[in-house]
Amino acid sequence: MKIRKDDNVIVMSGKDKGKTGKVLKSFPKENKVIVAGVNLRKTHERAKKSGQKGQIIEKTMPIHISNVMIIDPKTSKGTRVALKTVNGKKVRIAKKSGTTI
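Residues numbered from 1 in each chain as written. Predicted model: local features only at pLDDT ≥ 70, side-chain atom pairs only at ≥ 80, totals over all residues. Heavy atoms only, no water.

Looking at the nonpolar core
Ile3, Val9, Val11, Val23, Val33, Val35, Val38, Ile63, Ile65, Val68, Ile70 and Val81 together form the largest nonpolar core, which totals 12 residues. Counting only elements with at least two residues in this core, the list comes to β1 (8–11), β3 (32–35) and β7 (68–71). Not counting residues within four places of it along the chain, the set of residues in contact with Ile70 comprises Lys2, Ile3, Asp7, Asn8, Val9, Lys77, Gly78, Thr79, Val81, Arg92 and Ile101. (Core = buried A, V, L, I, M, F, W, Y, C linked by side-chain atoms within 4.5 Å. Buried < 20%, exposed > 50% of the residue type's maximum accessible area, 1.4 Å probe, protein only. Helix = DSSP H or I, 4+ residues; strand = E, 2+ residues; numbered from the N terminus. Contact = heavy atoms within 4.5 Å.)

Okay, here's the thing in structure tokens:
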């Protein structure tokens, strides 16, 4: 999986198409990521203590990896990612501009 935590991504399809955000968490086994401010769902929460009221909370839900693209640092648009070995280390490179991510 080429998208990691703290990457800036853009949503390419779905109801949040065009929105950008930072990856908060990634799930490599499920091929999903959680992006800040994208794919929000309202969940009902019960009262934890007596006398306290229940709440409706907006949570960010995971989105499939195929629906997001990494933002190119040079052009600020979505780009694919390539892996390249430089000095014995694997480095992620943006396909559009060739800059390292």
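What about the pattern of salt bridges?
One side chain can pair with another of opposite charge once the charged atoms of both are near each other. Using the criterion set out here, one finds 3 salt bridges in the structure. In this structure, Asp16 and Lys19 form a salt bridge, with 3.2 Å as the shortest nitrogen-oxygen distance. For Asp16, a relative accessible area of 10% puts it in the buried group. Judged by relative accessible area, Lys19 falls into the partly exposed class, the value being 40%. Of the charged contacts in the structure, one is a salt bridge between Lys48 and Glu45, with a shortest N-O distance of 3.6 Å. Judged by relative accessible area, Lys48 falls into the exposed class, the value being 63%. (Salt bridge = Lys/Arg side-chain N within 4 Å of Asp/Glu carboxyl O.)

Concerning the side chain of Asp72
Here Asp72 is to be found in the loop between β7 and β8 (78–79). Here Asp72 is buried and forms no salt bridge, its nearest opposite-charge partner Lys96 lying at an N-O distance of 6.9 Å. A polar contact is formed between the side chain of Asp72 and the side chain of Thr99, at a distance of 3.5 Å. Residues contacting Asp72, with those up to four places away along its chain left out, are Lys77, Thr79, Ala94, Lys96, Ser97 and Thr99. (Lys, Arg positive; Asp, Glu negative; His and termini not counted. Polar contact = N/O pair within 3.5 Å; in protein donor to acceptor, adjacent residues only side chain to side chain.)

A few points about the pairing of β3
In summary, the side chains of a regular strand alternate between the two faces of the sheet. Here strand β2 (residues 20–27) pairs with β3 via 4 bridges, running antiparallel. In the strand pairing of β3, Val23 is matched with Val35. Where β2 hands over to β3, the hairpin turn is made up of 4 residues, of which Asn31 adopts a positive phi near 55°. Across 2 bridges, the pairing between β3 and strand β6 (residues 63–64) is antiparallel. Counterpart to Val33 in the pairing with β6 is Ile63. (Pairing = 2+ DSSP bridges.)

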